Each structure stands twice: as C-alpha cells, then as structure tokens.
Amino acid sequence: MNPIMIDLGIFQIYWYSFFLLIAFIIGGSLILKQAKKKNIKEDFIINLFFYTIPIAFIGARLYYVIFNWNYYSANLIDIFKIWEGGLAIHGGVLFGFLFVWYYTKKHNISLWKITDILVIGLILGQAIGRWGNFFNREAHGAVTTLSHLQDLHLPNFIINGMYIDSTYYIPTFLYESIWNFIGFVILYFFYRKNNHKFGKTSGLYLIWYGIGRFIIEGMRTDSLMLGNIRMAQLVSIVTLIFGIILIIYSNRRNVNE
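These notes cover the structure that comes with them. (Residues numbered from 1 in each chain as written. Predicted model: local features only at pLDDT ≥ 70, side-chain atom pairs only at ≥ 80, totals over all residues. Heavy atoms only, no water.)

1. With respect to the nonpolar core
Ranked by size, the top nonpolar core spans 46 residues in total, and within it L48 and F173 carry the most contacts. Contributing elements (two or more residues each) for this core: helix 1 (15-37), helix 2 (42-66), helix 4 (89-106), helix 5 (111-136), helix 7 (156-161), helix 8 (172-194) and helix 9 (200-217). Among the elements that line this core, the one with the most residues is helix 5, at 13 residues. Y63, A88, L224 and M231 belong to the second largest nonpolar core, which has 5 residues in total. (Core = buried A, V, L, I, M, F, W, Y, C linked by side-chain atoms within 4.5 Å. Buried < 20%, exposed > 50% of the residue type's maximum accessible area, 1.4 Å probe, protein only. Helix = DSSP H or I, 4+ residues; strand = E, 2+ residues; numbered from the N terminus.)

Dropping the structure here:
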C-alpha cells in the first residue's frame with residue numbers, strides 16, 4: 001500500500017493528508033448545517049474553526065511527540081513531518097476543547113450547546129480519518145493470518161493493505177472507523193431528540209468513544225505508553241466517567257433553549 005496519493009516530483013500529496021482534509025470538509029459542513037438550525041451565526045462557527053482546527057492539530061501532534069520523545073529528541077526535524085502520521089486524537093480533543101471553552105466564554109455562548117454540535121461532526125471526521133492510518137500502515141493490531149482476515153469477509157484491498165513487511169495484521173483502524181461511524185448515526189439522531197438539554201450529546205460522545213477506544217486500543221501494537229499503561233485506555237476511562245457525569249448534570253439542570 002503506497003502512502004503517497006500523488007507524486008509531483010518536487011512534492012508529494014499523501015493519502016493521510018487527503019483523508020484528514022476530507023474529514024475536515026465533511027465534518028465541518030455537517031457542523032455548519034446543524035449550527036444554522038440552532039440559529040448560531042455562521043461567522044461564529046467559521047471563526048471557531050479557524051482557530052480550533054490548527055490548535056487541535058498542534059495538540060494532537062504534541063501529545064504524540066511527548067510520548068515518543070526518545071525518538072524525536074534525537075530526530076527533531078521529524079517532529080514536523082506530520083504527513084507521515086503521528087497525530088493523537090486525545091491530544092487534539094483536549095487542546096480543541098480548551099480553546100472552545102475559552103471562545104464560548106468570551107462570546108457568552110453556552111459551551112455545551114456548541115460542543116453538542118461539534119461532537120457530531122467530530123466523530124464522523126474520526127471515522128473518515130482512520131482511513132489515513134490504513135494507507136500509512138499504522139494503527140493496526142497484532143499479527144494474524146490470511147485465513148483469519150478472509151474469514152472476516154474483508155474486501156481484498158483491505159486484506160492486501162494489512163500485509164505489511166511480509167506479515168498480516170489485524171485491521172484495528174477499520175474496527176475504530178466502523179465504531180465511530182455507528183456512533184455518528186447514534187449521536188445524530190440522539191441530538192435531534194435531545195438538543196434542548198445541553199451537554200447530553202457531548203456526554204454520549206465521550207461514553208461511546210471512550211468504550212470503543214478502550215476495547216480497540218487493547219488490540220493495537222503501537223499504543224502510546226506511560227510505563228505499562230496504555231495512555232489511550234487510561235484517557236478512555238476518564239472520558240467515560242466524565243461523559244456519565246455530564247449526562248447526569250444535564251438531566252438535573254434540565255436546560256432548555
């Protein structure tokens with residue numbers, strides 16, 4: 001599987017970058033559409049995108065670099081080679097959330113009203129973005145066999161893509177992409193029925209993604225580690241708990257428009 005989508009000689013366009021761009025476009029368009037229905041000014045959302053996306057991008061990269069500092073400390077220039085992969089979604093969500101909190105407070109708009117809309121586009125973008133990992137041959141699971149992959153009734157192009165350095169691997173990127181897409185469908189319809197209670201959709205996102213990531217992370221071979229602890233699993237537990245608290249908080253406040 002070639003990670004380069006287009007090679008123009010003087011520079012290359014990578015599949016990883018392509019899928020990130022598609023994720024931003026589709027996820028962002030969905031967010032704008034939902035914001036319009038809630039009478040949120042388009043300029044507010046566009047300006048929020050303008051600042052939040054690069055901040056989240058930097059956070060995702062920093063998070064990844066910090067947990068791989070033994071390598072990057074000796075290869076500083078590689079820190080900037082984001083087209084080769086190496087973005088940690090938890091770092092992006094954390095940095096992005098902190099800025100959204102600041103921005104909504106500055107403009108006197110409910111934080112949870114905005115995040116309820118953002119998470120719908122976010123989880124769809126995550127589902128799309130995982131395919132960038134596929135072309136980069138990363139975010140895969142343990143060694144497996146051709147017969148096992150065939151038993152899963154996977155398309156041949158996925159099976160062939162999981163053949164890395166003469167070895168077949170479990171396509172955990174695909175598991176997470178499917179999990180996130182199902183989560184998107186659930187969140188979308190959940191939001192339509194619960195959009196008068198700010199925070200509930202955000203809480204459900206944290207619960208859904210936390211459960212899926214915790215399970216799938218246990219299958220991966222490239223986890224960011226803190227000693228013997230998989231950081232993604234630790235963060236998933238925290239997000240799961242926070243999601244439950246957020247839904248309880250939303251129900252008790254019974255916040256309406």
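2. Quick look at the environment of I114
In this structure, I114 sits in helix 5. For the pair I114 and F198, spaced 84 residues apart in the sequence, the C-alpha separation amounts to 8.5 Å.

3. Examining the packing of helix 4 against helix 5
At a minimum axis distance of 11 Å, the contact between helix 4 and helix 5 shows a crossing angle of 155°. Comparing the axis directions of helix 4 and helix 5 gives the class roughly antiparallel. Considering only the axes of helix 4 and helix 5, their crossing is right-handed. Counting all contacts with helix 4, which are made through I89, V93, F97, V100, W101 and T104, the residues of helix 5 involved are L111, W112, I114, T115, L118, L122 and Q126. (Axes fitted to C-alpha atoms, helices over the stretch in contact; angles between N-to-C directions. Parallel < 35°, antiparallel > 145°, perpendicular 65-115°, else oblique. Left-handed = near helix turned anticlockwise from the far one by under 90°. Contact = heavy atoms within 4.5 Å.)

4. Looking at the pairing of strand 1 (residues 4-7)
Pairing geometry for strand 1 and strand 2 (residues 12-14), over 3 bridges, is antiparallel. Looking at the pairing, I4 lines up with Y14 of strand 2. In textbook terms, the turn of a hairpin is the stretch between consecutive antiparallel strands, and for strand 1 and strand 2 this stretch comprises 4 residues, one of which, G9, has a positive phi near 85°. (Pairing = 2+ DSSP bridges.)

5. Some remarks on the sheet that holds strand 4 (residues 163-164)
Strand order in the open sheet made by the 3 strands is 3-5-4, with antiparallel pairing throughout. For this open sheet the edge positions go to strand 3 (143-144) and strand 4, each flanked by a neighbour on one side alone. Note that strand 3 and strand 5 (residues 167-169) share 2 bridges and pair antiparallel. Looking at the pairing, V143 lines up with Y169 of strand 5.

6. Overview of unusual backbone geometry
A negative phi holds for most residues other than glycine; trans holds for most peptide bonds. Residues other than glycine seldom take positive phi values, yet N108 does so here, at roughly 55°. Tracing the sequence through the fold places N108 in the loop between helix 4 and helix 5. Given a relative accessible area of 73%, N108 falls into the exposed group. Not every positive phi belongs to a glycine, and A139 is a case in point at roughly 60°. Among the secondary structure elements, A139 is positioned in the loop between helix 5 and strand 3. A relative accessible area of 2% means that A139 is categorised as buried.

7. Observations concerning the pattern of salt bridges
Enumeration over the complete set of coordinates arrives at 6 salt bridges. Across the pair E176 and R130 runs a salt bridge, and its minimum N-O distance is 3.2 Å. Here E176, found in helix 8, pairs with R130, found in helix 5; they are 46 residues apart in sequence, far enough to count as distant. Of the two residues, E176 and R130, neither departs from the other in class, the shared state being buried. The shortest N-O distance in the salt bridge between E176 and R213 comes to 4.0 Å. Of the two residues, E176 is situated in helix 8 and R213 in helix 9; the sequence distance between them amounts to 37 residues. Accessibility assignment for this pair places E176 and R213 in one class, buried. Linked by salt bridges that have partners in common, R130, E176, R213, E217, R220 and D222 make up one network. (Salt bridge = Lys/Arg side-chain N within 4 Å of Asp/Glu carboxyl O.)

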